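Chains, contacts and geometry: an overview
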Amino acid sequence: MEVDMENLFAPPWLELPPEITSTILQKLGTIEILRNADKVCTTWRRLCQDPAMWRVINMRDNVWDMLEGDLEQICREAVDRSQGQLIDINLEYFGSDSLLYYIAERSPQLKRLRLLCSYNVSGEGLSAAVKKCPLLEELHLYHILISKESIETIGRSCRALKSFKLNNQVFRHPCIEYDEEAIGIAENMPKLRNLQLVGNKMTNEGLEAILNGCPNLESLDLRRCFNVNLGGDVGKRCSQQIIYLRRPHDSTEDYELDAGMHDCESFDEDYPSGFSDIDLISEDDYYYEFSDVSNYSGDEEMFFE
């Protein structure tokens, strides 16, 4: 009689039901699964090949220990393993236009996209990608440079969008008033229920446009939006229309990034991308000598429509 030596000496955790083992593996994160867990044994490898394992891809741990190219390669492998079932993806401190387009082309069911400090992602690249994601319901962007035109494209392409976050780093100077982003949101994202705009430069005019254009809005986060004054009628309207309102001077203790005030002299130290609030005015209309455009190669133009 032939003896299965692998099962004979198998550790007891291999006897766990597959669904429990899958849940445990998912807690390791995408990078750890593909670099290590996938190679532990045939049982784990089989589970790691299951497309259901890759409906959620979370690349936030151990990113500092790897090169950007290696991170993108791991992300592409995870997307391939999902076989079109991906619904939720989170990228932190890496990413590019070409990677986003790769994800979007292969993920028709994508409902949630979160990008945190993905400095090599452009507004044009993001716009091209979301055109492939009509089911997208949540788009959360942290320190990502996009223009009003990009916001308009996102809104027109993702008609089911319910949650939008466009959070910026806050600088003391210069004091700029800029409502174009708010107007782009108001005119193109009518189904929003959750909106977070930490550090935005909009004024009361932009805020009123949002209140008019997003009638279903329930949660509005205006922390560090210091050009907004909620002392008058617009403040009363916010209190009446918004269930959960965070005001410009509310605490940011529970905010996941540093929302403190930064001096404009510290652009290079605090903003690895090299852009500031001035740069956030527009991607195309203005140019300043301190803006770092040296990383742009033009290779991604093939993805833009």
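Just above, that's the structure.
Let me begin by describing the structure that accompanies this report. (Residues numbered from 1 in each chain as written. Predicted model: local features only at pLDDT ≥ 70, side-chain atom pairs only at ≥ 80, totals over all residues. Heavy atoms only, no water.)

1. What to know about the packing of helix α7 (residues 123–130) against helix α8 (residues 148–157)
Here is the rule: Lines fitted to C-alpha atoms define the axes here, with helix axes fitted over just the stretch in contact, and angles between the N-to-C directions of these axes take values from 0 to 180 degrees. Counting from the N terminus, the helices are the DSSP runs of H or I reaching at least four residues and the strands are the DSSP runs of E reaching at least two. For classification purposes, angles smaller than 35 degrees are called roughly parallel, those larger than 145 roughly antiparallel, those between 65 and 115 roughly perpendicular, and all remaining angles oblique. Only heavy atoms matter for contacts: two residues are in contact if any of them lie within 4.5 Å across the pair. Amino acid classes used here: Ala, Val, Leu, Ile, Met, Phe, Trp, Tyr, Cys and Pro are nonpolar; Asp, Glu, Lys and Arg are charged; the rest, including Gly, are polar.
α8 packs onto α7 with a crossing angle of 10 degrees between their chain directions and a minimal axis gap of 9 Å. Taken together, α7 and α8 sit at an angle that is classed as roughly parallel. Contacts between α7 and α8 pair G123, E124, L126, S127 and V130 from the former with S150, T153, I154 and S157 from the latter. Its residues placed into classes, the contact of α7 with α8 shows three nonpolar, five polar and one charged.

2. Focus on a positive patch on the surface
As a reminder, the rule being used: Only residues whose relative accessible area exceeds 30% and that form no salt bridge enter a patch; like-charged residues are grouped when within 9 Å of one another, and nonpolar side chains (Val, Leu, Ile, Met, Phe, Trp, Tyr) when within 5 Å. Per-residue and other accessible areas follow the Shrake-Rupley method at a 1.4 Å probe size, with only the shown protein chains counted as cover for residues. Salt bridges are defined by distance alone: a side-chain nitrogen of Lys or Arg within 4 Å of a carboxyl oxygen of Asp or Glu. For the charge count, each Lys or Arg is scored as positive and each Asp or Glu as negative, with His and the chain ends excluded. Where a charge lies is defined by one atom per residue type, namely NZ (Lys), CZ (Arg), CG (Asp) and CD (Glu). Burial status follows relative accessibility: with a 1.4 Å probe on protein chains alone, a residue under 20% of its type maximum counts as buried, one over 50% as exposed, and anything between as partly exposed.
Taken together, K111, K131, R156, R159, K162 and K191 make up a surface patch of like positive charges. Within the element layout of this structure, K111 appears in the loop between α6 (97–105) and β3 (112–116). Residue classification places K111 among the partly exposed residues on the basis of a relative accessible area of 38%.

3. With respect to the pairing of strand β1 (residues 56–59)
Here is the rule we go by: Think of it this way: DSSP has to see at least two bridges between two strands before they count as a pair. Handedness of a crossover: with both strands directed away from the viewer, a clockwise path from the first strand across the helix to the second marks it as right-handed.
The side-chain alternation of β1 yields one buried face, formed by I57 and M59, and one unburied face, formed by V56 and N58. With four bridges connecting them, β1 and strand β2 (residues 88–92) associate as parallel partners. Across the sheet, I57 pairs through a bridge with I89, a residue of β2. Remark: the β1/helix α5 (residues 68–82)/β2 crossover connection has right-handed handedness.

4. Quick look at the nonpolar core
To keep things clear, this is the line we draw: Only buried residues count toward a nonpolar core. Its members are Ala, Val, Leu, Ile, Met, Phe, Trp, Tyr and Cys residues joined through side-chain atoms within 4.5 Å.
Ranked by size, the top nonpolar core spans 68 residues in total, and within it I89, L126, F164 and L207 carry the most contacts. Those residues in contact with L207 that lie beyond four places of it in its chain are M202, L220, L222, V228, L230, V234 and C238. Residues L116, Y142, V198 and Y255 belong to the second largest nonpolar core, which totals six residues.

5. What to know about the packing of aromatic side chains
For any pair of aromatic rings, the description consists of the separation of the ring centres together with the inter-plane angle of the planes. Rules: Any pair of Phe, Tyr and Trp rings, taking the six-membered ring for Trp, is counted once the centres come within 6.5 Å. Such a pair is stacked with planes under 30 degrees apart, edge-to-face with planes over 60 apart, and tilted for the rest. A positively charged side chain is recorded as over a ring if its NZ (Lys) or CZ (Arg) lies within 6 Å of the ring centre. The angle to the ring normal must also be within 35 degrees.
Within this structure, the stated rule accounts for one aromatic pair. Aromatic side chains Y142 and Y255 sit 6.4 Å apart centroid to centroid with 35 degrees between the ring planes, which places their arrangement in the tilted category. Placement of Y142 in strand β4 (residues 138–142) and of Y255 in the loop between β9 (244–246) and β10 (261–262) is noted, with a sequence separation of 113 residues between them. Taken individually, Y142 and Y255 each receive the classification buried, so the pair is uniform in this respect. The ring centre of Y102 lies 4.7 Å from the NZ or CZ of R76, which sits over that ring. Stacked on the ring of Y102, the Lys or Arg R106 has its end atom at 3.5 Å from the ring centre.

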